[in-house]
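Breakdown of the fold
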Protein chains: 2
Amino acid sequence: MCAHCNYQNLLEKAGVEPTANRLQVLAVIGGNDAPLTAAEVFATIGRFHPINRVTVYRILDLLVRHRVLERISSGGRAAHFGLAPNKYHAPHPHFCCSRCGAVICLNPDSLSIDADNLHKTFAGEVDRIEVLVEGICRNCLKQRSNH
Amino acid sequence: MCAHCNYQNLLEKAGVEPTANRLQVLAVIGGNDAPLTAAEVFATIGRFHPINRVTVYRILDLLVRHRVLERISSGGRAAHFGLAPNKYHAPHPHFCCSRCGAVICLNPDSLSIDADNLHKTFAGEVDRIEVLVEGICRNCLKQRSNH
DNA sequence: GATGATTATGCAATATAGTTGCATCAATGA
DNA sequence: TCATTGATGCAACTATATTGCATAATCATC
């Protein structure tokens, strides 16, 4: 767990019951340095506690709606989930390897975005700006040069 | 068709045979002001020419690999496809309405990104930076205020 | 042209990711 | 204790995408 995050508190502040399953989901996601898919969360929890696949989907949905988690579009088919930005976690872009599919978090200040123009001119409501960097990851580059 | 794009040329320059199906796919996508899903491309072409669903998927894949099209992560489940940026089409962010799922193209200069830091420090290869703005579109805002 | 190789397409089956409907269980308040 | 609400489980289902293999079209060579 990150020193600043008490998962129980996070859930309560967001207005959702801190059930055992929800705490599990949050702990698994918070304990990883990269966003995870629903299937990964399910498999990880399932190694120690029985839980239903659908329950995982429902909890992920709920926590995204309550802004505890954020849903990250990964380039691939499955959505990834990470802790939502908050006081202690700055929003940051994600990298997605188009060869192996790995999704990793980038440093919050690796990119800077100026969205003034958007906010001034866009007629809808802007909730979130997601940045996805696509390319070939370090490992895949290495492998590619090995033949 | 956009004045600057001859689809036949686009395909030839990209090194792919300009078959009738490929031209169809490209024309449908190029003729729309917002990126389309595979299903939408399939349905649109299918109104006039018989084509197989799988063929559409394969053509989309091929054209993305050859950088004629770009795959846009839409927040929702289905990928969207638009013309890839080129001399005449600046890369631009996309907006995705979290209520109705609509995906629309934003003005290229509604956002400006500084990626120097990323390029200087990231150990992998960066091919593309995708920006997805999430929120509520104008129409949905209007509907929401109507009750 | 005819012939063989390569590429493109079609079709059926399958895989993957996510969703729905309904039953049950647990917690909460009257 | 009972009724109500919310959380979870389970099975079936939907949407999206992919695979394997057969056929058709195209291209290069004779």
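Residues numbered from 1 in each chain as written. Chains lettered and ligands numbered in written order. Predicted model: local features only at pLDDT ≥ 70, side-chain atom pairs only at ≥ 80, totals over all residues. Heavy atoms only, no water.

- An unreviewed UniProt entry annotates chain A as Fur family transcriptional regulator, ferric uptake regulator originating from Desulfofustis glycolicus DSM 9705.
- You can read under Sequence similarities (unreviewed entry) in the UniProt record for chain A the words "Belongs to the Fur family." (UniProt positions renumbered as here; feature names shortened; annotations may be inferred.)

**Focus on the protein's contact with DNA strand D**
- Taken together, 22 residues form the shell around DNA strand D, and within it Thr19(A), Arg22(A), Asn52(A), Thr55(A) and Arg58(A) come nearest.
- For DNA strand D, the fraction of atoms within 4 Å of the protein that belong to sugar or phosphate moieties is 63%.
- A distance of 3.0 Å separates a phosphate oxygen of DNA strand D from a polar atom in the backbone of Asn52(A).
- Between a phosphate oxygen of DNA strand D and a side-chain N or O atom of Tyr57(B), the distance comes to 3.2 Å.
- Elements supplying a minimum of two residues to the surface near DNA strand D: α2 (20-30) and α4 (53-65) of chain A together with α4 (53-65) of chain B.
- If one sorts the elements of the surface near DNA strand D by residue count, α4(A) sits on top with 5 residues.
- Among the residues forming the surface near DNA strand D, the class breakdown is 9 nonpolar, 4 polar and 9 charged. (Near = heavy atom within 4 Å. Polar contact = N/O pair within 3.5 Å; in protein donor to acceptor, adjacent residues only side chain to side chain. Helix = DSSP H or I, 4+ residues; strand = E, 2+ residues; numbered from the N terminus. Nonpolar A, V, L, I, M, F, W, Y, C, P; charged D, E, K, R; others polar.)

**Some details on the sheet that holds strand β7 (residues 125-136) of chain B**
- Across the sheet, 6 strands lie side by side as β5(A)-β4(A)-β7(A)-β7(B)-β4(B)-β5(B); this open sheet has mixed pairing. The outermost strands of the open sheet, each flanked by one partner alone, are β5 (103-105) of chain A together with β5 (103-105) of chain B. Averaged over all adjacent pairs, the angle separating strand axes in this sheet is 30 degrees, with direction ignored.
- When strand β4 (residues 94-97) of chain A meets strand β7 (residues 125-136) of chain A, the two strands line up parallel, connected through 4 bridges. Across the sheet, residue His94(A) finds its bridge partner in β7(A), namely Leu132(A).
- Helix α6 (residues 138-145) of chain A contacts β4 and β7 of chain A together with β7 of chain B of the sheet and is inclined by roughly 20 degrees relative to β7(A).
- Across the sheet, helix α6 (residues 138-145) of chain B lies against β7 of chain A together with β4 (94-97) and β7 of chain B, angled at about 20 degrees from β7(B), the strand it touches most. (Pairing = 2+ DSSP bridges. Axes fitted to C-alpha atoms, helices over the stretch in contact; angles between N-to-C directions. Contact = heavy atoms within 4.5 Å.)

**Structural notes on the interface of chain B and chain A**
- Counting residues at the interface gives 35 residues for chain B, matched by 35 residues for chain A.
- Overall, the association of chain B and chain A removes approximately 2,700 Å² of surface from exposure, summing both partners, and the carbon and sulfur fraction of that is 57%.
- When the buried area of chain B at its contact with chain A is split by residue, Phe122(B), Glu125(B) and Glu134(B) rank highest and sum to 17% of it.
- The tally of links between chain B and chain A comes to 2 salt bridges.
- Among the ionic pairs, Glu134(B) bridges to Arg128(A), the shortest N-O distance being 2.6 Å.
- Applying the counting rule to chain B against chain A returns 14 residue pairs in polar contact (both at pLDDT 80 or more).
- Of all the elements in the fold, those that place two or more residues in the side of chain B that touches chain A are β6 (112-114), α5 (116-121), β7 and α6 of chain B.
- Its residues assigned to classes, the side of chain B that touches chain A shows 17 nonpolar, 8 polar and 10 charged.
- One ladder, built from 11 bridges, connects β7(A) with β7(B); its direction is antiparallel. From the neighbouring strand, Leu132(A) faces β7(B), where its bridge partner is Glu130(B). (Buried area = accessible area lost by both parts, 1.4 Å probe. Salt bridge = Lys/Arg side-chain N within 4 Å of Asp/Glu carboxyl O.)

**Examining the protein's contact with DNA strand C**
- Residues in close proximity to DNA strand C total 19 residues, the closest being Ala79(A), Thr19(B), Arg22(B), Thr55(B) and Arg58(B).
- Here DNA strand C approaches the protein such that, of its atoms within 4 Å, sugar and phosphate make up 61%.
- Here a phosphate oxygen of DNA strand C and a side-chain polar atom of Asn21(B) are 3.2 Å apart.
- Elements that contribute at least two residues to the surface near DNA strand C include exactly α4 of chain A together with α2 (20-30) and α4 of chain B.
- Tallied by class, the residues present in the surface near DNA strand C amount to 8 nonpolar, 4 polar and 7 charged.

**Side note on α2(B)**
- Within the span of α2(B), buried status applies to Val25(B), Leu26(B), Val28(B), Ile29(B) and Gly30(B).
- Buried residues along α2(B) sit against α1 (7-14), β1 (36-37), α3 (38-46), α4, β2 (69-72) and β3 (80-83) of chain B. (Buried < 20%, exposed > 50% of the residue type's maximum accessible area, 1.4 Å probe, protein only.)

**Digging into the relation of the copies chain B and chain A**
- Each copy superposes on the other: chain B lies on chain A with an RMSD of 0.1 Å after a rotation of 180 degrees and an axial shift of 0.0 Å. In short, the pair behaves as if placed about a two-fold rotation axis.
- With an isologous cut-off of 70% or more, the 100% of interface residues of chain B that recur at the interface of chain A puts this contact in the isologous class. (Least-squares fit on C-alpha atoms with pLDDT ≥ 70 in both.)

**Comments concerning the confidence of the model for chain A**
- Per-residue confidence for chain A gives a mean pLDDT of 93, with 96% of residues at or over 70.
- α6(A) is the least confidently modelled element of chain A, averaging 87 in pLDDT, while strand β1 (residues 36-37) of chain A averages 98, the highest of any element. (pLDDT = per-residue confidence, 0-100.)

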